Amino acid sequence: MPVRTERMSRVDTAWLRMDTDANLMMIVGVWLLRPAITREALCRRVEERVLRYRRFRQAVREDALGAVWEETGPVDLDHHVVSETLRRRRGQDVQAALQERVAELASTPLESGRPLWQFHLVEDLGDGRSAMIARIHHCIADGIALISVMMSITDGGQAPPSRRREPRED
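Calculation rules
Residues numbered from 1 in each chain as written. Predicted model: local features only at pLDDT ≥ 70, side-chain atom pairs only at ≥ 80, totals over all residues. Heavy atoms only, no water. Core = buried A, V, L, I, M, F, W, Y, C linked by side-chain atoms within 4.5 Å. Buried < 20%, exposed > 50% of the residue type's maximum accessible area, 1.4 Å probe, protein only. Helix = DSSP H or I, 4+ residues; strand = E, 2+ residues; numbered from the N terminus. Contact = heavy atoms within 4.5 Å. Salt bridge = Lys/Arg side-chain N within 4 Å of Asp/Glu carboxyl O. Arc of directions from axis to C-beta. 1 Å grid on protein atoms, 1.4 Å probe; cavity = no way out; pocket = protein on both sides within 12 Å on 5 of 7 lines; lining within 4 Å. Points joined across faces, edges and corners; volume = space filled by probe spheres on them. Nonpolar A, V, L, I, M, F, W, Y, C, P; charged D, E, K, R; others polar. Pairing = 2+ DSSP bridges. Axes fitted to C-alpha atoms, helices over the stretch in contact; angles between N-to-C directions.

Draft legend 1. Examining the nonpolar core more closely. Judged by nonpolar contacts, the single largest core of 35 residues is most densely connected at Leu42, Val46, Phe56, Trp117, Phe119 and Met132. Elements that contribute at least two residues to this core include exactly β2 (26-33), α2 (39-50), β4 (66-71), β6 (117-126), β7 (129-137) and α5 (143-151). Here Val46 is in contact with Leu51, Leu77, Val81, Trp117 and Phe119, once residues within four sequence places are set aside. Within the second largest apolar cluster, 10 residues are counted, among which are Leu86, Ala97, Leu125 and Ile133.

Structure (structure tokens):
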């Protein structure tokens, strides 16, 4: 069965090509969640609300003309939704440890060959909270569009408005 592809827009290709080890084109956001959420609950929300947007189900393949979005088959949530325990040094408070972890993830590239996003969930920050660190490559969407998508996974969040498909650039 042939792999379904779609040409990436010039703007998104530019974001992709600006990505280097010294300048990752990744949007990183941190959510402090109260009440705390489990990985299973987060995975359900991702399946129901995030994976409905095809960019979160597609990998990027560069070619001579730029890049294409490529269907990858089922998304491996074990790779994309990672549960972890926050490591703290002696005397380090939770906020400082979380900031250190975010900095580490912000300087770690996303894995090519897979959809270019990942959520890291710290299930127990204490005090009934958890934290989610979202890492999403800028070629998937701009910041404004991502705010709508990310808000859709919150309690009471609305789905982003549908938008007209723009004509393809050739």
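Draft legend 2. Local environment of the pattern of salt bridges. Taken as a whole and judged by the stated rule, the model has 13 salt bridges. Between Glu70 and Arg61 there is a salt bridge; the shortest N-O distance is 2.7 Å. The residue Glu104 makes a salt bridge to Arg101 at a minimum N-O spacing of 3.0 Å. On the criterion of helical spacing, the pair formed by Glu104 and Arg101 is a turn pair, its members being three residues apart in helix α4 (residues 94-106). Judged by relative accessible area, which is 37%, Glu104 ranks as partly exposed. Here Arg101 falls in the buried class, since its relative accessible area comes to 14%. Salt bridges linked by common partners bring Glu84, Arg87, Arg101 and Glu104 together as one network.

Draft legend 3. Just helix α1 (residues 10-18), in detail. For α1, the complete set of buried residues consists of Asp12, Thr13 and Leu16. Buried residues of α1, seen end-on, are gathered within an arc of 100° and therefore sit on one face of the element. Of the exposed residues in α1, those oriented more than 90 degrees away from the buried face are Arg10 and Val11.

Draft legend 4. Layout of the layout of surface pockets. Of the volumes computed, that of the second largest pocket is approximately 270 Å³. In terms of lining, the second largest pocket is formed by 15 residues, of which the most central are Leu16, Asp19, Leu110, Ser112 and Leu116. Of the residues contributing to the lining of the second largest pocket, the split by class is seven nonpolar, four polar and four charged.

Draft legend 5. The arrangement of the sheet that holds strand β5 (residues 81-84) in detail. Pairing within the open sheet is mixed, and its four strands lie in the order β2-β7-β6-β5. The outermost strands of the open sheet, each flanked by one partner alone, are β2 and β5. If you compare each strand with its neighbour and ignore which way they point, the axes differ by 20° on average. Relative to β7, β6 runs antiparallel, the two being bridged by seven bridges. Within the sheet, the bridge partner assigned to Gln118 lies in β7 and is Arg135.

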